[in-house]
Amino acid sequence: MGSYDEADSGNIVVINDYEDSQPATPPMEQPKVVGAAAAQAPIISSYNDKIRPLLDVIDRLRLLMVMKEGIQLPTIVVVGDQSSGKSSVLESLAGVNLPRSQGICTRVPLIIRLQNHASPRPELYLEYNGKMVPVEEPQIATAINNATDEVAGPGKSISNIPLTLVVRKEGVPDLTMVDLPGITRVPVHGQPDNIYEQIRDIIMQYITPKESIILNVLSATVDFSTCESIRMSQQVDKNGERTLAVITKVDRAPEGLVDKVTADDVNIGLGYVCVRNRIGDESYEEARKEEARLFETNAHLSCIDKSIVGVHVLAQKLVQIQSKAIAKCLPEIVKNISAKLDANVSELEKMPKALTSIADATQAMMRIIQAAKESLKKLLWRGEFDEYPEDNTKHGTARFVEMLNRFSDELHNCEESNLSKDFLTEEIKVLEDVKGIELPNFLPCEAFLRILRRKVERISYLPIKFTEKYWDYVDDVVMSVLTRHSEMYYHLKVAAKGAAHNLVQKLREQSINWVKEIAEMEKLTGYTCNPDYMMEWNKLMNQKDHFINQISGTNMRPLPCSVNLQGFGEIQVEHLRQHSNVSILQQAFDLKMRMVAYWKIFKELMGPEGHGIEKMLVESPAVVAKREKLKNSIKVLKESKDSVAKIMDRIVLYDAYLV
């Protein structure tokens, strides 16, 4: 029998001679004999002539790359574990030599488009990277390897960018198939460590669509249930409704094969076909004759039903399954193309029209500015959030209230607002520092101002920080609104955002300076005519006598450690008994109450205040790209729709023919 090929020793054959005198096999009728006479029969039949237009329109859609538009096409996807005989099966169907090597020889998806061609001279060419390269038959394997290196790079790396091999040759079946890399788990010969994951992802991408027909190539020498290709196909086709199995290397393990294909433990819904691939230097004609002899004479293989053995049976099954799938899917394809076309046309119409004059540009700019202005009024003034219902970060008036509440909390919880800590300590120290000639019952003005300046200085960063946060938020909202309204015009967006940012920064600086001026003014004088101040001070001073008596009273034993004051709570007073001068304690109390009353009014006052038009309207690169993408997509979809329309009137005829 000769030696087996190292990479794909297997078992199939295809006949290249086409005898017009040989009667064609009926379309739906399976071959009944596989003897020497069958070896001389063409691998195709007149059935192919009837489905050729269907396949042509699918190939046309594939060439237009309509699948990039999300339109799935019926596709025969060839999968198999490494060295399962996958390449040999395809060689037998195509009648040409494909690349062979140790390890992975298919590194990219290879779309094989077979077309029965009456001319005695075959026509072969490769399509990849936008090129169509004619190839002579003896150099086809070398040409595929060179194209693979160009697409996937030299070495052992794989890629999901496909090559297309077109074979127009007498005697081949009209089929389009996608050959995928063989499945391997262990990286060898410089393969990447994640080679299995890469191959799995490519295979799953092709076999997952429900339109895909899975041609699972299995070696007769292995347990089918352990094959990785079976596991993958079962993930997407659990019941095997769109899976056909091809059993290779049958002469290596003929015993028990009939039981394996009839038991169908792995759910192959479309059935099995057993084949013998070409061995050694056999010609395709010789290999097919050997295949016929093997299935007739081998004690084990001759028991297999003749309707599921031989390359010619495989070819007819694939043509039949493919044509049914196309006829079934074509109406849905037409529907999906029309829906996608309508959606793209509608989206393109919604995009702003490209501006062609200064007048158009000026009008567009004014519309954008007016729209942005109205949006900002809603968000920052009127509290209307209909334009950003889900994005509450843009709900300006609500966010302002939150910022004001946080500012109020910080102001009231800061160190300077702690009224009871070290009660009167600072006041006594200041009074001692400014002690001099003074009138009875008059507090030194310098003492009050010195404490006031310290307090203002210590809390002045809070309103400034609040003002900065306020304007930072306003800046973010303004930038977001301007971006949304001017997204289509890159230069206008940049210019508008720059101008708005500068304006916001100017107002931000003015507000911060205004707050600083208020703080500085408060440091200059402690005068106020606010009636609330005097009312608050009088209320606090009503507690003075009681407080002084609690500290220095001689009739109380023991003296209390703390005194409860309205507005202060429990005040620790032990540290005040070291001061024997009751007068300075009274002055310190008076000074403290004046500061507390004044501070209340001060905190209320420290609240925050609130040439090149054409160039500016040049669309952003993203918008230009989107517009061009939509236009190209619409062009592809229109061409696809036209191509399908030409064949739709034949669908009823083919449906009737396939019944």
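Residues numbered from 1 in each chain as written. Predicted model: local features only at pLDDT ≥ 70, side-chain atom pairs only at ≥ 80, totals over all residues. Heavy atoms only, no water.

In the annotation of an unreviewed UniProt entry, the entry for the protein reads Dynamin-type G domain-containing protein, and the organism field reads Gossypium darwinii.

Q: Account for the packing of helix 3 (residues 86-94) against helix 9 (residues 311-350), naming residues and giving values.
A: Where helix 3 meets helix 9, the closest approach of the two axes is 10 Å, and the angle between their N-to-C directions is 80°. Judged on the interaxial angle alone, helix 9 and helix 3 are roughly perpendicular. Where helix 3 approaches helix 9, its residues V89, S92 and L93 are matched on the opposing element by V311, L314, A315 and L318. (Axes fitted to C-alpha atoms, helices over the stretch in contact; angles between N-to-C directions. Helix = DSSP H or I, 4+ residues; strand = E, 2+ residues; numbered from the N terminus. Parallel < 35°, antiparallel > 145°, perpendicular 65-115°, else oblique. Contact = heavy atoms within 4.5 Å.)

Q: Mind laying out the sheet that holds strand 7 (residues 212-219), listing which residues take part and the relevant values?
A: Taken in spatial order, the nine strands make up an open sheet running 4-3-5-2-6-1-7-8-9, and their pairing is mixed. The open sheet has two edge strands with one neighbour each: strand 4 (131-134) and strand 9 (272-274). If you compare each strand with its neighbour and ignore which way they point, the axes differ by 25° on average. Pairing of strand 2 (residues 110-116) with strand 5 (residues 163-169), which is carried by seven bridges, proceeds in the parallel orientation. Bridge assignment links L110 to a residue of strand 5, and that residue is L163. In this fold helix 5 (residues 195-207) packs onto strand 1 (75-80), strand 6 (175-179) and strand 7, with an angle of close to 150° to the strand it touches most, strand 1. (Pairing = 2+ DSSP bridges.)

Q: How would you sum up the packing of aromatic side chains? Please name residues and give values.
A: Scanning the entire structure with this criterion turns up five aromatic pairs. Summarising the aromatic geometry, the rings of F224 and Y272 are spaced 6.3 Å apart at their centres and angled 25° between planes, so their arrangement reads as stacked. With a gap of 48 residues between them, F224 in the loop between strand 7 and helix 6 (228-236) and Y272 in strand 9 connect regions that are remote in the sequence. For the pair formed by F224 and Y272, the shared burial category is buried. Here the aromatic cluster, defined as three or more aromatic residues joined through ring pairs, consists of F400, F466, Y470, W471 and Y473. (Phe/Tyr/Trp six-rings, centres within 6.5 Å; stacked < 30°, edge-to-face > 60°. Buried < 20%, exposed > 50% of the residue type's maximum accessible area, 1.4 Å probe, protein only.)

Q: So what's going on with the packing of helix 10 (residues 358-382) against helix 14 (residues 461-485)? Which residues, and what values?
A: Running from N to C, helix 10 and helix 14 cross one another at 140°; their axes reach a closest spacing of 9 Å. It follows that helix 10 is oblique to helix 14 by the angle criterion. The hand of the helix 10/helix 14 crossing is right-handed. Only Y473, V474, V477, V478, V481, L482, R484 and H485 of helix 14 make contact with helix 10, whose side of the interface consists of I368, A371, A372, S375, L376, L379 and L380. (Left-handed = near helix turned anticlockwise from the far one by under 90°.)

Q: Now, about the pairing of strand 7: what can you tell me, with residues and values included?
A: Most of strand 7 sits out of view: eight of its eight residues are buried. Side chains S212, I214, N216 and L218 of strand 7 all project onto a buried face; the interleaved residues I213, L215, V217 and S219 project onto the opposite face, where all are buried too. Sheet analysis places strand 1 next to strand 7, joined by six bridges and oriented parallel. Among the inter-strand pairings, V78 is bridged to a residue of strand 7, identified as L215. Traced from strand 7 through helix 6 to strand 8 (residues 243-248), the parallel crossover comes out right-handed. (Right-handed = clockwise from strand over helix to strand, strands pointing away.)

Q: An account of helix 4 (residues 140-152) is requested, with residue identities and associated values reported.
A: Spanning 13 residues, helix 4 covers 18 Å between terminal C-alpha atoms, matching the ideal 18 Å at 1.5 Å per step. Buried within helix 4 are the following residues: I140, A141, A143, I144, A147, T148, V151 and A152. The buried residues of helix 4 occupy an angular sector of 160° when projected down its axis, which confines them to one face. Contacts from the buried residues of helix 4 go to strand 2, strand 3 (123-128) and strand 5. Where helix 4 terminates, the next one or two residues include G153, which has phi positive at roughly 90°. (Expected span 1.5 Å × (residues − 1). Arc of directions from axis to C-beta.)

Q: Lay out unusual backbone geometry with the relevant residues and their values.
A: Unusually for a residue other than glycine, N129 sits at a positive phi of about 50°. By the secondary structure assignment, N129 is in the loop between strand 3 and strand 4. Residue N129 is classed as partly exposed on the basis of its relative accessible area of 48%. For K249, which is not glycine, the phi torsion reads 55° and is therefore positive.

Q: Outline the side chain of Q322, listing residues and values.
A: Assignment of secondary structure puts Q322 in helix 9. Q322 gets classed as buried once you look at its relative accessible area, which sits at 5%. Of the polar contacts made by the side chain of Q322, one reaches the backbone nitrogen of T176; its length is 3.1 Å. (Polar contact = N/O pair within 3.5 Å; in protein donor to acceptor, adjacent residues only side chain to side chain.)

Q: I'd like a rundown of the pairing of strand 3, residues and numbers included.
A: Side chains on a regular strand alternate between the two faces of the sheet. Here strand 3 lies mainly inside the structure; five of its six residues are buried. In the sheet, strand 3 pairs with strand 4 via four bridges, with the strands oriented antiparallel. What sits directly across from L126, in strand 4, is V133. In this structure, the hairpin formed by strand 3 and strand 4 is closed by a connection of two residues, where N129 is found at a positive phi of approximately 50°.

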